[in-house]
Amino acid sequence: MAILFVVGLMVGYRPTLIPGRLQNAFEMIIDTMLNFFAEIMGSRKEAEKVFPIVFTFFIFILLSNWLGILPGIGAIGFEETAEGAEHGTKFIPLLRSSYSDLNMTLALAICSLVITHIIGISAIGIGKHIGKFISFKSPMAFFVGILETIAEVAKILSFSFRLFGNVFAGEVLLTVMLFLMPYIAPAPFLGMELFVGFIQALVFSMLTLVFIKVAMMQTEH
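The structure displayed is predicted, hence computed values, not measured ones.

**Q** Describe the nonpolar core, listing the residues and the values that go with them.
**A** Phe37 and Leu108 are the most contacted members of the largest nonpolar core, which has 31 residues in total. Counting only elements with at least two residues in this core, the list comes to helix 2 (21–41), helix 3 (44–67), helix 4 (102–124), helix 6 (139–180) and helix 7 (186–215). Beyond its immediate stretch of four places on either side in the chain, Phe37 contacts Ala47, Phe51, Val54, Phe55 and Leu209.

**Q** Hey, could you go over the side chain of Asn65 for me, with residue numbers and the actual values?
**A** Following the sequence through the fold, Asn65 ends up in helix 3. For Asn65, a relative accessible area of 6% corresponds to the buried category. What Asn65 contacts, discounting residues up to four positions off in sequence, is Tyr99, Leu163, Val167, Gly197, Gln200 and Ala201.

**Q** Can you tell me about the side chain of Thr208, naming the residues and giving the values?
**A** Relative to the helices and strands, Thr208 resides in helix 7. What makes Thr208 buried here is its relative accessible area of 1%. Of note is the side chain of Thr208, whose polar atom sits 2.8 Å from the backbone oxygen of Phe204. When residues no more than four places from it in sequence are discounted, the contact partners of Thr208 are Phe57, Ser112, Thr116 and Phe159.

**Q** Now, about the packing of aromatic side chains: what can you tell me, with residues and values included?
**A** For the structure shown, the criterion picks out eight aromatic pairs. With 5.9 Å between their ring centres and 85° between their planes, Phe58 and Phe198 make a pair best called edge-to-face. Linking Phe58 in helix 3 with Phe198 in helix 7, this pair joins segments that are 140 residues apart in sequence. Accessibility expressed as a relative area gives 5% for Phe58, which makes it buried. Against the face of Phe211 rests Lys155, its NZ or CZ located 4.1 Å from the ring centre.

Rules behind the numbers
- Residues numbered from 1 in each chain as written.
- Predicted model: local features only at pLDDT ≥ 70, side-chain atom pairs only at ≥ 80, totals over all residues.
- Heavy atoms only, no water.
- Core = buried A, V, L, I, M, F, W, Y, C linked by side-chain atoms within 4.5 Å.
- Buried < 20%, exposed > 50% of the residue type's maximum accessible area, 1.4 Å probe, protein only.
- Helix = DSSP H or I, 4+ residues; strand = E, 2+ residues; numbered from the N terminus.
- Contact = heavy atoms within 4.5 Å.
- Polar contact = N/O pair within 3.5 Å; in protein donor to acceptor, adjacent residues only side chain to side chain.
- Phe/Tyr/Trp six-rings, centres within 6.5 Å; stacked < 30°, edge-to-face > 60°.
- Lys NZ or Arg CZ within 6 Å of the ring centre and 35° of its normal.

Below you can see the structure in the form of structure tokens.
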């Protein structure tokens, strides 16, 4: 968060009509991502409305993933005596990747879902939005509403476990390779983790955008 805050101040402080290198680089990134989001939303105007929150998800997850592969993350720590003499000691890392903890990914998934519903309510109204999940127009409509509700819960599980599983697996892989062959073997895996970190950030933000688009649509059971 400190890095994002400092970079945000550096980029946003006194922007100029003729941008410098840093401002120009970030303007290019933002314009590229905005065009990509506009293709998903089907309208640049609609994409601009949700761009700040979705792009925030992207840069926050991306930076967290990339910081997680810095040397020492997950590998430097101390040993602590485990409960029960038969268990011996366990290794406690001082720093870990943010999303190698299920609590963090679960919190992020809940934030995504809540924001999706807030935008959906603001777009079509609370009555029509709730009507997607609770409808007594017919037995079929009621059954479809139950399925929609189950799907919303499944989104939280899917979001949280997908991000947690990929990041935690990558952390374990890098730690193992670092101990087995500390100088040669980790290099290609570090490159792979950079790519995976980018893909995970892109997938999370893209799925959030898709769910927002669906929430903004008026559907009739």
